[in-house]
Amino acid sequence: MNAPFFKFGLFGDDVSLVVAFVIGIGFGFFLERAGFGSARKLAAQFYLGDLTVFKVMFTAIITAMIGLYYLSVIGLVDLSLVYISPTYIIPQTIGGLILGLGFVIGGYCPGTSCVAAATGRTDGIVFLLGVVAGIFVFGESFNLIKEFYSSSDLGQLTFPQLLGLPYGLLVFAVVLMALGGFAGAHWLEKKFGPKGIWSNS
Amino acid sequence: MTSQAKAVLLENFDTQVKEHTSVKTAKPYWNPYLAGLGLGLVLLSAFVIMGRGLGASGAFSSVLSTGIQAIAPDHAGSNEYYSEYLGDGTRHPLKDWLVFEVLGVFVGGFLSGALAHRVKRTVEKGPRITTAKRLAFAFGGGALMGFGAKLARGCTSGQALTGGALLNVGSWAFMMAVFAGAYALAYFVRRQWQ
Amino acid sequence: MEQLMKFSISNWSANQKLAAIVGILGFFALFAGDPYQGSTATIDTRELGVLVQKEVDHVSPVELAEWIIQGRSDFRLLDLRASEEYAAYHIPTAENVSLAGLSEYPVERNEKIILYSDGGIHSAQAWFFLKAEKYPGVYILSGGLEEWKDAVLFPSLAENAGPAERAAFEKMNEVSKFFGGTAQTGSSQEKISPQVAMPKLDMPSTTAAPGMAKKKKKEGC
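Residues numbered from 1 in each chain as written. Chains lettered and ligands numbered in written order. Predicted model: local features only at pLDDT ≥ 70, side-chain atom pairs only at ≥ 80, totals over all residues.

**Quick notes on the overall build of chain C**
Stage number 1. Looking only at helices and strands, chain C has 9 helices and 5 strands in total.
Stage number 2. Written out in order from the N terminus, the α and β elements of chain C read α-α-α-β-α-β-α-β-β-α-β-α-α-α.
Stage number 3. In chain C, buried positions account for 21% of the 221 residues.
Stage number 4. When contacts within chain C are restricted to residue pairs at least 6 apart in sequence, those whose partners lie at least 24 apart make up 65%. (Helix = DSSP H or I, 4+ residues; strand = E, 2+ residues; numbered from the N terminus. Buried ≥ 20, exposed ≤ 12 C-beta atoms within 10 Å, placed from the backbone. Contact = placed C-beta atoms within 7 Å.)

**Re the overall build of chain A**
Stage number 1. Each helix and strand in chain A was counted, giving 9 helices and 2 strands.
Stage number 2. Here the C-alpha coordinates of chain A stretch approximately 55 × 45 × 35 Å along the principal axes.
Stage number 3. Across the 201 residues that make up chain A, the buried fraction comes to 55%.
Stage number 4. Pairs at least 24 apart in sequence give 70% of the contacts found in chain A among residues at least 6 apart.

**Details of the interface of chain A and chain B**
Stage number 1. At the junction of the two partners, chain A supplies 108 residues and chain B supplies 106 residues.
Stage number 2. Along the lines of polarity and charge, the residues of the side of chain A that touches chain B split into 68 nonpolar, 32 polar and 8 charged. (Nonpolar A, V, L, I, M, F, W, Y, C, P; charged D, E, K, R; others polar.)

**Brief notes about the interface of chain C and chain A**
Stage number 1. Each partner contributes to the interface: chain C provides 16 residues, whereas chain A provides 21 residues.
Stage number 2. Counted by class, the side of chain C that touches chain A contains 10 nonpolar, 5 polar and 1 charged residues.

**Some points on the pairing of strand β2 (residues 75–79) of chain C**
All names here are of chain C.
Stage number 1. Extensive coverage of β2 is indicated by the burial of 4 of its 5 residues.
Stage number 2. Taken together, the 5 bridges between β2 and strand β4 (residues 112–116) define a ladder with parallel strand orientation. Of the residues in β4, the one forming a bridge with Leu78 is Leu115.
Stage number 3. Across 3 bridges, the pairing between β2 and strand β3 (residues 94–96) is parallel. The partner of Leu78 across the bridge, within β3, is Glu95. (Pairing = 2+ DSSP bridges.)

**Some details on the domain arrangement of chain A**
Residue and element names in this part refer to chain A.
Stage number 1. Domains assigned within chain A are domain 1 (1–84 + 164–201) and domain 2 (86–157).
Stage number 2. Between domain 1 and domain 2, the C-alpha centre-to-centre distance is 19 Å.
Stage number 3. Each partner contributes residues to the interface: domain 1 has 10 residues there, and domain 2 has 12 residues.
Stage number 4. Counted by class, the side of domain 1 that touches domain 2 contains 7 nonpolar, 2 polar and 1 charged residues. (Domains from an automatic or database assignment.)

**Remarks on the nonpolar core**
Stage number 1. Ranked by size, the top nonpolar core spans 125 residues in total, and within it A:Met65, A:Val171 and B:Leu43 carry the most contacts.
Stage number 2. Here this core takes 13 residues from helix α3 (residues 52–74) of chain A, the largest share from any one element.
Stage number 3. Beyond its immediate stretch of four places on either side in the chain, A:Val171 contacts A:Met65, A:Ile66, A:Tyr69, C:Gly26 and C:Ala29.
Stage number 4. Among the nonpolar cores identified, the runner-up in size contains 27 residues, and C:Leu78, C:Leu130, C:Leu141 and C:Leu153 belong to it. (Core = buried A, V, L, I, M, F, W, Y, C linked by C-beta atoms within 7 Å.)

**Some words on helix α8 (residues 156–165) of chain B**
Stage number 1. The element α8(B) is largely enclosed, with a buried count of 10 among its 10 residues.
Stage number 2. Every buried residue belonging to α8(B) is among B:Thr156, B:Ser157, B:Gly158, B:Gln159, B:Ala160, B:Leu161, B:Thr162, B:Gly163, B:Gly164 and B:Ala165, and all of these are buried.

**Structural notes on the confidence of the model for chain C**
Residue and element names in this part refer to chain C.
Stage number 1. Scored by pLDDT, chain C comes out at a mean of 76, with 78% of its residues at no less than 70.
Stage number 2. In this model, residues 186–196 is a region of pLDDT below 50 whose contacts with residues beyond four sequence positions or in other chains number 6 contacts.
Stage number 3. The model gives residues 202–221 a pLDDT under 50, and that stretch makes 9 contacts with residues more than four places away or in other chains. (pLDDT = per-residue confidence, 0-100.)

**Focus on the sheet that holds β4(C)**
Residues and elements named next belong to chain C.
Stage number 1. Pairing is parallel across the open sheet formed by 5 strands, whose spatial order is β1-β5-β4-β2-β3. With partners counted over all chains shown, the strands left at the sheet margins are β1 (58–59) and β3, one partner each.
Stage number 2. Taken together, the 3 bridges between β4 and strand β5 (residues 138–141) define a ladder with parallel strand orientation. Counterpart to Leu115 in the pairing with β5 is Ile140.

**Section: unusual backbone geometry**
Stage number 1. Despite not being glycine, A:Ser152 has its phi angle at roughly 50°, a positive value.
Stage number 2. Structurally, A:Ser152 can be placed in the loop between α7 (142–149) and β2 (153–155).
Stage number 3. For B:Leu167, which is not a glycine, the phi torsion comes out positive at approximately 60°.
Stage number 4. By the secondary structure assignment, B:Leu167 is in the loop between α8 and α9 (169–186).
Stage number 5. B:Leu167 gets classed as buried once you count the C-beta atoms within 10 Å, which come to 25.

**Examining the environment of B:Ala76**
All names here are of chain B.
Stage number 1. Take Ala76: it is sitting in helix α4 (residues 73–78).
Stage number 2. Under the C-beta neighbour-count criterion, Ala76 is labelled buried, with 22 such atoms within 10 Å.
Stage number 3. When residues no more than four places from it in sequence are discounted, the contact partners of Ala76 are Ser65, Ile68, Gln69, Tyr82, Ser83 and Leu86.

**Overview of the packing of α3(A) against α8(B)**
Stage number 1. Running from amino to carboxyl end, α3(A) crosses α8(B) at an angle of 35°, the nearest separation of the two axes being 7 Å. Between α3(A) and α8(B) the crossing geometry is right-handed. Along its contact with α3(A), which presents A:Met57, A:Ala60, A:Ile61, A:Ala64, A:Met65 and A:Leu68, the element α8(B) presents B:Ala160, B:Leu161, B:Gly164 and B:Ala165. (Axes fitted to C-alpha atoms, helices over the stretch in contact; angles between N-to-C directions. Left-handed = near helix turned anticlockwise from the far one by under 90°.)

**Here's the deal with the packing of helix α4 (residues 61–70) of chain C against helix α7 (residues 144–153) of chain C**
Residue and element names in this part refer to chain C.
Stage number 1. The contact between α4 and α7 brings their axes to 9 Å, and the two run at 65°. Between α4 and α7, the angle is such that the two are roughly perpendicular. Seen along the crossing, α4 lies across α7 with a hand that is right-handed. Taking contact as the criterion, the partners of Pro61, Val62 and Ala65 in α4 are, on α7, Glu147, Trp148, Ala151 and Val152. (Parallel < 35°, antiparallel > 145°, perpendicular 65-115°, else oblique.)

**A word on the environment of C:Gly101**
Stage number 1. Relative to the helices and strands, C:Gly101 is located in the loop between β3 and β4.
Stage number 2. When the C-alpha positions of C:Gly101 and C:Leu80 are compared, they lie 9.9 Å apart, and in sequence the two are 21 residues distant.

**Details of the environment of C:Pro155**
All names here are of chain C.
Stage number 1. Structurally, Pro155 can be placed in the loop between α7 and α8 (163–178).
Stage number 2. The spacing of Pro155 and Thr182 is 27 residues in sequence and 7.5 Å in space, taken between C-alpha atoms.
Stage number 3. Residue contacts for Pro155: discarding those within four places in its chain leaves Phe169, Met172, Asn173, Ser176, Ala183 and Gln184.

Take a look at the structure:
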């Protein structure tokens, strides 16, 4: 096996920046294809009328998950060399909650706001500036929250490790969950779409 | 009607006129599952080529830290968080994988939008709110997002998509929290969207 | 029949076909196996640290020489050097294994494993691998092949040695003869040059060991 190619030294840092750019183009392209350059479409997820965010995200997750799993099993990719960010369970959960609030208020996330800004959305540009401001606040207050930020460090933890279950079993479970979720999304959209719940209040 | 309602109505009328007289009509969005498949393959290629996943918020931190360093180098250097992104000086902080990736996101997003005639100067908002308010919310929401993303060490691209595909426990917890937070607040900001 | 035809695949929407493919791939994941190709091991570093401190991880060349002379077969001696070096000379009864092939080499867990290389580095690394895989009886030949040469093959006696040392030397003289070496006595105390001819091997060959290794028992029912 000689993948991940970068980790096996097939190319250096400078080429990796070009790779980053190209991958980024693909990333931005498909985000826009899905309609994520529009805050309205993104926010509609949270009113149950248009669950595109869920469908796209989870399709992407299971595609990459299945692809990586099978490539590793065949031996084309060394899974242990793929970087897994360490789990800091409490700050990640709290951060996620805050991010969720920001998502429904602002209507974008950092990646999609770039797509929105690139397609002319003024609110996308403003959102981007807001993100920078938020990071600034974080950086300035870092000394105060440093300890919380580094708390509950569980290290690199995957579900197979946590539950002691075979990797393949969890792949299957996630696929089932996603397919079930898609069916549920289909039903919710039929029921509440396209304007979503509370649309008349 | 109230003057505020009048203002909103006039603005909406204005927008609708603009939209109907645009040169080409926007193409419909792709089937979300196909778009998700494409996204997943991009993510997979990052795994296979680089041994890492995607991201976005890290690039913003790099840019911010570099900016602060340019304006107030001592402050940047003495701040533990910014220094992390500035590195030890052997490499320019903007020569960062995520920075280049995010530049690509701009390009890719524009490309797709241009091909589908979806590029236009506009403000995305619901019918019941003014542009000014929407922009204020966009800024505020962005700020919350920026703060939350740093606290969680990632945003939806880095943590949810990447970590999700890798069965990373913290990332799934993060993902659930994002949906929980957003759904919890959705009712209270509905006027912005509906 | 027509009712059933409604459910045929040709009537499925694109999304349903996608979902079916994904579902099948997910299902096969149940049987496809472990994606981590390399072998992983968990290490109790405290336990290993204690072992090293107590120095129960070493075997001296003199001890090893005695075991070989006694014809003991309760241990496996592994030579971690390259195959050319092994062919030129190896300690009798030693088997040639590389560090990379170590994790797959058939060794029973109830056997004593003694590791040696030229000095101590590769044998120490191999010791670590095997301890991480929870082999209980793993030992390093202290001093490696160099020490084997000095203490067993070409034992030397200092000019001003006392009676205890002389007695020990007499014994080693016999031992070294057994292995085809020659003892070095006092007057010719030049440093043993590295070009000293290594004794030709006419010890029992190591063919017995691989034969034993082949009958790897499966534990459990």
